[in-house]
Amino acid sequence: MKRIKTTCKKILRYWQVYLFLFIPVIYLLLFCYWPMAGLQIAFKKFSLADGIWGSPFVGLYQFEKFFRSYEFKRILKNTLLISIYSIAASFPIPIIFALLLNSIRQGKFSKCVQTITYIPHFISTVVLVGMILQIFNSRVGLYGIIYQAVTGHLPEDILSKASAFPHLYVLSGIWQSFGWDSIIYLAALTGISQELHEAAQIDGASRFKRLLYIDLPGILPTITIMLILNAGRVMSIGFEKVYLMQNNLNLSASEVISTYVYKIGMGVGGTAIPDYSYSTAISLFNSVINLMLICTVNTVSRRLSETSLW
């Protein structure tokens, strides 16, 4: 009872703060938790006539159907390949960029570089994909014009090559996000005591040595937390960008779980009838794998470095 009274007193005392909190809480309840009731159709044979609650229960049939599907291995392989490739290639770059930018003493130059590298983050996915399609067009794009000027021949259309899709997706993502992602590491670097640098300078440590033995260990907890969060998104690849970059020729490498769920659920891409139960089961499988991954990485991190989300 004392705890309840104390909590009520705090709410009454800081009611303005809790009023601001009310809107995001309502948003989470309506758009994140309430829709979870619909996940039950993954275990049912859903029909619009019977509704969610009236549809017949089929157990794990939808999951077994997905695991037996000839698309399962290809989609899972593409999702893991693109996601792991993206994390491995893009995760270290913002860290290195933040460390290098922090070591620059000229304030105006540093701010100019920051502004230039932040700008691509604000480019929408549709515009970014449009830029990729225009630049790498084999006839009228920058890539095609330069290739023809040098060789005198039309280049191969890399936009239709399945082997080129992961590289285009990952490299364009790095260009768009590395500057913005470095903000959190720059903020962590500002929290490192300057007394450590002054003491290291007195001992004769070079700027590189101070970067290696003071700056990098200082932001290591932040790096660990970001790695854990990225591990929880291994199976989740941005739907919009992949879907917009897809075509019939690169589909063997570009079809991932998010796009497959959309096509099954909406009845597009050769699927005549929407199958809501099947698409929900695939999406739920995806979410469960992500949850298992983030819990595993968090546990390992807590035991090895004592840094974790919980």
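Here the structure is a predicted model, which is why all the values come from computation and not from measurement.

Engineer: What is the right way to read the overall build of the protein from this model?
Structural biologist: Within the protein one finds 17 helices and zero strands. Rg of the C-alpha trace for the protein: 25 Å, well past the compact-globule value of 19 Å for 310 residues, more than 25% over. C-alpha extents for the protein along the principal axes are approximately 85 × 75 × 40 Å. Restricting to contacts in the protein with at least 6 residues of sequence separation, those with at least 24 account for 62%. When the accessible surface of the protein is totalled, it reaches about 19700 Å², and 68% of it is carbon and sulfur.

Engineer: Honestly, the environment of cysteine 32 in this entry has me stumped. Any pointers?
Structural biologist: Position of cysteine 32 relative to the elements: it lies in helix α2 (residues 15-33). Of the residues examined, cysteine 32 reaches a relative accessible area of 33% and is grouped as partly exposed. Each C-alpha atom, one on cysteine 32 and one on isoleucine 294, is 19 Å from the other, the two residues being 262 residues apart in sequence.

Engineer: Can you walk me through the nonpolar core in this structure?
Structural biologist: It is characteristic of soluble globular proteins that their nonpolar side chains tend to be buried jointly. Ile95, Tyr169, Leu189, Ile219 and Met245 are the most contacted members of the largest nonpolar core, which has 34 residues in total. Of all the elements in the fold, those that place two or more residues in this core are α6 (92-102), α7 (107-118), α8 (125-135), α10 (165-190), α12 (207-218) and α14 (239-245). A per-element tally of this core places α10 first, with nine residues. With near-sequence residues (within four places) excluded, isoleucine 95 lies in contact with Tyr185, Leu216, Ile219 and Ile223. Within the second largest apolar cluster, 15 residues are counted, among which are Phe66, Phe72, Ile257 and Tyr260.

Engineer: Please clarify how α10 should be interpreted in this entry.
Structural biologist: Three- or four-residue spacings in an α-helix give side chains the same orientation, since the helix completes a turn every 3.6 residues. Compared with the 38 Å implied by 1.5 Å per residue over 26 residues, the 38 Å span of α10 between its first and last C-alpha is a close match. Along its length, α10 reaches its greatest deviation from straightness, about 50°, at serine 177.

Engineer: Honestly, the packing of aromatic side chains in this entry has me stumped. Any pointers?
Structural biologist: In this description, an aromatic ring pair is defined by two values, namely the gap between the centres and the angle between the planes. Applying the stated criterion across every chain, the model contains 20 aromatic pairs. Centre to centre, the rings of tyrosine 143 and tyrosine 147 are 6.2 Å apart; their planes meet at 50°, and the pair counts as tilted. One end of the pair is tyrosine 143 and the other is tyrosine 147, both in helix α9 (residues 142-151) and four residues apart, which spans about a single turn. We classify tyrosine 143 as partly exposed; its relative accessible area is 23%. Members of the aromatic cluster, joined through ring pairs, are Phe66, Phe67, Phe72, Tyr260, Tyr278 and Phe285. If you follow lysine 65 out to its NZ or CZ, it ends over the ring of tyrosine 278, 4.5 Å from the centre. Over the ring of tyrosine 169 we find lysine 241; its NZ or CZ atom is 4.6 Å from the centre of that ring.

Engineer: Sorry, what's going on with the packing of α12 against helix α13 (residues 220-231) here?
Structural biologist: What describes two packed helices is the angle between their axes and the distance between those same axes. The contact between α12 and α13 brings their axes to 4 Å, and the two run at 50°. On the basis of the axis angle, α12 is oblique to α13. Along the contact surface, α12 presents Leu216, Pro217 and Gly218, while α13 presents Leu220, Pro221 and Ile223. Its residues assigned to classes, the contact of α12 with α13 shows five nonpolar, one polar and no charged.

Conventions and cut-offs
- Residues numbered from 1 in each chain as written.
- Predicted model: local features only at pLDDT ≥ 70, side-chain atom pairs only at ≥ 80, totals over all residues.
- Heavy atoms only, no water.
- Helix = DSSP H or I, 4+ residues; strand = E, 2+ residues; numbered from the N terminus.
- Rg over C-alpha atoms; globule rule 2.2 N^0.38 Å.
- Contact = heavy atoms within 4.5 Å.
- Areas by Shrake-Rupley, 256 points an atom, 1.4 Å probe, with all protein chains shown as cover.
- Buried < 20%, exposed > 50% of the residue type's maximum accessible area, 1.4 Å probe, protein only.
- Core = buried A, V, L, I, M, F, W, Y, C linked by side-chain atoms within 4.5 Å.
- Expected span 1.5 Å × (residues − 1).
- Bend = angle between axes of the 7 residues up to and from the residue.
- Phe/Tyr/Trp six-rings, centres within 6.5 Å; stacked < 30°, edge-to-face > 60°.
- Lys NZ or Arg CZ within 6 Å of the ring centre and 35° of its normal.
- Axes fitted to C-alpha atoms, helices over the stretch in contact; angles between N-to-C directions.
- Parallel < 35°, antiparallel > 145°, perpendicular 65-115°, else oblique.
- Nonpolar A, V, L, I, M, F, W, Y, C, P; charged D, E, K, R; others polar.

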